[in-house]
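Here is what each chain is made of, one letter per residue.
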Amino acid sequence: MLNRRIAEDQAVIVGAGISGLTAAIALASRGLAVTVLERAAQPGGKMRTVPIGASQIDSGPTVFTMRWVFEELFAAANRNFSDHVKLRPLDVLARHAWDDSGHLDLFADEARSADAIGAFAGAAEAARFRQFCADARETYRRLERPFLRSAKPSLPGLIISSGWRGLLQLPKIRPFTTMWNALGDYFHDPRMRQLFGRYATYCGSSPYMAPATLMLVAHVEQEGVWVIEGGMHQLATALADCAIALGVQIRYEQEVREVTIAGGRANGVTLSSGEHMAASNVIVSADVTALGSGLFGADAARAAVPVKLNERSLSAVTWSLVARTSGFPLSRHNVFFSRDYAAEFDDIFNKGAVPDEPTVYVCAQDRADNEATLLRDDAEELLVLINAPAVGDRYPFGPAQVERYAERAFAVLQRCGLTVTHDPQATVATTPNDFHRMFPATGGALYGRASHGWTASFRRPGARTKIPGLYVAGGSTHPGPGVPMAALSGRSAAASLYDDLAEMRGWKQARDPATP
Ligand SMILES: Cc1cc2nc3c(=O)[nH]c(=O)nc-3n(C[C@H](O)[C@H](O)[C@H](O)COP(=O)(O)OP(=O)(O)OC[C@H]3O[C@@H](n4cnc5c(N)ncnc54)[C@H](O)[C@@H]3O)c2cc1C
């Protein structure tokens, strides 16, 4: 009876990325009728693959963490996540190199990492690493419930939920210090500072401007990194399959051009085809800047504040390729550092330029720890990524520039001892122009607003907007970018929508304990 009543309330979700699919599952699990409209031909959004010959190269997210977010989501839908997505834990979280004199691995086992750091940078640095891990763990522990799982946290709210004792301990979490400065208190070896500073880029930010609280990302990775069998895209497929099994309708190649508002409340969407779909509630999981800048209509634009040019997070230039490698012993996740980190972020955030010497991330997709199952002729599937400014709407990245950036990136790899012999025919480059086309209004910014300054984390919008019946989700909203974070935002949007609907309809429903 209750379910039939709920099903009269049609929810429309714009976007079948991770947040949109997560919201769909969370709502359908509670009996709501849900339709997802996606402009691309397949699910996943940024979690996309690029075909190179017979290979499908994961060309979006490659590092999978916080599996509990998806385990909880599936459990709330009476399903077992591990029946649908096969995960393998990595022993080596990431391999790091600065030159051709060797490399430093971080392991899932903290003691092993400390030993490796001891051998690489000395026993005192290893002890400092232990202290850093303890503090990152504590930061995470204190922020998980009041921040990550909260629908829209505020500093006063955090202080209240932490109590006076928590308030007194806040300096330890150091929200007012930059990540770079805080790391300088831990690490004396500049390479270690650079290594841990890189975690700011997971939120599309510069370690020189991000708050020290972002060191919780280091803890998240320390808690486990998994390889998804069949590739990251399997996760998007599994989420879409789960949603469909719960009765969600997913319509691909359907672009939403307007969220319609009547009497001050969202009442549906209009597609580019002209079709209007009525809905009592709408969740937009596109970047909030698209909503705020009017891409979903002038009325709906009131619901969000667009991110300004100088507030945009990082974009990237990526190369998806099948190539032979030699020299450097690749692991699954590899980072080859630039020699001047400050110059790199100055180039990106102050000059709006691709760095002269970038830090280069290489995901060797046929490798896990020390095993490799390479393709025919010892070729392997790689994603090579460098950070870039989000200027995809104002600067054309032509073939000559992209070639120059490739030379810079592959020169860094060569300096660290890795030779990549690749065929330009088996290489696909993606630039900020392409990301801007795929994710309109962003300039190619991949992570919403940069987390610069101590208030930045509180400036991401929560799920509820000013317009009743209209909600937002995704990596540009709270709690932030990244696959599990986007999923948390989807769950949060679903929970907010459901609670508001329950109140409006006078339902007495116990909250789902798994939903934030
Ligand atoms: C190169 C790269 C590497 C990354 N690496 C990692 C990593 O290793 N680990 C990690 O956790 N995260 C990583 N991320 C970040 C992570 O991928 C994202 O934060 C996350 O996938 C965002 O999901 P989302 O649902 O918020 O948005 P999106 O994936 O952007 O989904 C939004 C969807 O909405 C659709 N849409 C937009 N407008 C419309 C419209 N008008 N009508 C219909 N549909 C519309 C889009 O087509 C898209 O499918 C990476 C991202 C990139 C790009």
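Cut-off values and rules
- Residues numbered from 1 in each chain as written.
- Predicted model: local features only at pLDDT ≥ 70, side-chain atom pairs only at ≥ 80, totals over all residues.
- Heavy atoms only, no water.
- Pairing = 2+ DSSP bridges.
- Helix = DSSP H or I, 4+ residues; strand = E, 2+ residues; numbered from the N terminus.
- Axes fitted to C-alpha atoms, helices over the stretch in contact; angles between N-to-C directions.
- Contact = heavy atoms within 4.5 Å.
- pLDDT = per-residue confidence, 0-100.
- Parallel < 35°, antiparallel > 145°, perpendicular 65-115°, else oblique.
- Left-handed = near helix turned anticlockwise from the far one by under 90°.
- Nonpolar A, V, L, I, M, F, W, Y, C, P; charged D, E, K, R; others polar.
- Buried < 20%, exposed > 50% of the residue type's maximum accessible area, 1.4 Å probe, protein only.

A. Representation of the sheet that holds strand β15 (residues 333–336) within the structure. Spatially, β7-β6-β15-β16-β19-β14-β20 is the arrangement adopted by the 7 strands of the open sheet, whose pairing is mixed. Lying at the two open borders of the sheet, with one neighbouring strand each, are β7 (104–107) and β20 (419–430). Neighbouring strand axes in the sheet, compared pairwise and without regard to direction, differ in orientation by 25° on average. Sheet topology note: the strand β16 (residues 360–364)/strand β19 (residues 380–388) ladder contains 4 bridges and is antiparallel. Counted as the bridge partner of Tyr361 is Leu385 from β19. Together, β14 (315–326), β15, β16, β19 and β20 form the strand contacts of helix α14 (residues 399–415), whose direction differs from that of β14 by roughly 55°.

B. The arrangement of the confidence of the model for the protein chain in detail. Scored by pLDDT, the protein chain has a mean of 92; 93% of the residues are at 70 or more. Low pLDDT, under 50, characterises residues 1–5; the predicted model gives this stretch 4 contacts beyond four residues in sequence or across chains.

C. How the structure looks around the packing of helix α8 (residues 179–186) against helix α9 (residues 190–197). At their nearest, the axes of α8 and α9 sit 9 Å apart, and the two run at 140° to each other. In terms of axis orientation, α8 runs oblique to α9. Judged by the twist between their axes, the crossing of α8 over α9 is right-handed. In this structure, α8 contributes Met179, Trp180, Asn181, Leu183 and Gly184 to the contact, and α9 contributes Arg193, Gln194, Phe196 and Gly197. When its residues are assigned to classes, the contact of α8 with α9 shows 4 nonpolar, 4 polar and 1 charged.

D. Unusual backbone geometry, seen in detail. Cis rather than trans, the peptide bond between His478 and Pro479 has omega equal to 5°. Position of Pro479 relative to the elements: it lies in the loop between β21 (470–472) and α17 (483–505). The backbone phi angle of Met66 is positive, close to 50°, even though this residue is not glycine. Positionally, Met66 belongs in the loop between β4 (55–58) and α3 (68–76). Assessed through its relative accessible area of 6%, Met66 is described here as buried. Backbone geometry places Ala441, a non-glycine residue, at a positive phi of 80°. Mapped onto the elements of the fold, Ala441 is located in the loop between α15 (432–438) and α16 (456–459). Taking the relative accessible area as the measure of exposure, Ala441 reaches 18% and is therefore buried.

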